[in-house]
Amino acid sequence: SFHLPSIVNSPFAPNLERKKHKKAIFIGRHTAAKGAHLLVKVDDILYKQGIALEWVLITAGTYEEQIRNQNLAWARHSERVSIMENVSNALIFSQLEASTFFILPSTAEGFPVSLIEAFSQGCVPVVFPYGLDVTNQLPRAFHGNIINERTADGIAACIERIFTGSSLKQ
């Protein structure tokens, strides 16, 4: 028989005490295919609606210079945004554990292991439907967080709905 290795390295339940602040985490490259260009706009929309999230962007690998520069400027001008590049898995997991939302606005992807990792740490997923893998990985209760309107407005509307509804408490 063949046994797959464990996908996530944290067997413990998420530490909900670390989720006191409303924090969103993005893990991916500074590219349009990963949706990194939408994050500044999402934050602007939410902030105007009175929702001030802290943001952590964890990136590595190739990037589109214009998108990377946009996100770096956003981080320089906002105390609520931090960008981490080429970090260890341990640091990624500690950031996932401390985050409330996992934002994955990818339009092209392989099997999204980062979604499994985020979900294992108690993050609320907000994702684009780029393939059946996304739908299949999420419990039915979270299918409403799969955003068919693949825009910053679609992401912001989903997060606002979660804040104003009871689903964040659940």
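Keep in mind that this is a model prediction, so the values were computed, not measured.

Novice: Can you lay out the sheet that holds strand E1 (residues 23–27) for me, pointing to particular residues and giving the numbers?
Specialist: The strand order across the open sheet formed by 5 strands is E3-E2-E1-E4-E5, and the pairing between neighbours is parallel. Where the open sheet ends on each side, the last strands, each with one partner, are strand E3 (81–85) and strand E5 (124–127). When the angles between neighbouring strand axes are averaged without regard to direction, this sheet yields 20 degrees. The sheet contact formed by E1 and strand E4 (residues 101–104) spans 2 bridges and is parallel. Note that in E4 the partner of Ile-25 across the bridge is Phe-102. Contacts from helix H2 (residues 65–77) reach strand E2 (54–59) and E3, with the element oriented near 130 degrees to E3. Together, E4 and E5 form the strand contacts of helix H4 (residues 113–120), whose direction differs from that of E4 by roughly 170 degrees.

Novice: I'd like a description of the confidence of the model for the protein, backed by residues and values.
Specialist: Summarising the model, the protein shows a mean pLDDT of 83, and 84% of its residues fall at 70 or more. Within the model, the stretch residues 4–12 combines pLDDT values under 50 with 8 contacts to residues more than four positions away or in other chains.

Novice: I'd like a rundown of the packing of aromatic side chains, residues and numbers included.
Specialist: As enumerated under the stated definition, the model contains 3 aromatic pairs in all. Measuring from centroid to centroid gives 5.6 Å for Phe-101 and Phe-163, while their planes differ by 45 degrees, and the two rings are tilted. On the criterion of sequence distance, the pair formed by Phe-101 in strand E4 and Phe-163 in helix H6 (residues 152–164) is long-range, its members being 62 residues apart. Among the residues examined, Phe-101 registers a relative accessible area of 0% and is labelled buried. On the accessibility criterion, Phe-163 (25% relative accessible area) is partly exposed. Lying over the aromatic face of Tyr-63, Arg-68 brings its terminal NZ or CZ to 4.8 Å of the ring centre.

Rules used throughout
- Residues numbered from 1 in each chain as written.
- Predicted model: local features only at pLDDT ≥ 70, side-chain atom pairs only at ≥ 80, totals over all residues.
- Heavy atoms only, no water.
- Pairing = 2+ DSSP bridges.
- Helix = DSSP H or I, 4+ residues; strand = E, 2+ residues; numbered from the N terminus.
- Axes fitted to C-alpha atoms, helices over the stretch in contact; angles between N-to-C directions.
- Contact = heavy atoms within 4.5 Å.
- pLDDT = per-residue confidence, 0-100.
- Phe/Tyr/Trp six-rings, centres within 6.5 Å; stacked < 30°, edge-to-face > 60°.
- Buried < 20%, exposed > 50% of the residue type's maximum accessible area, 1.4 Å probe, protein only.
- Lys NZ or Arg CZ within 6 Å of the ring centre and 35° of its normal.

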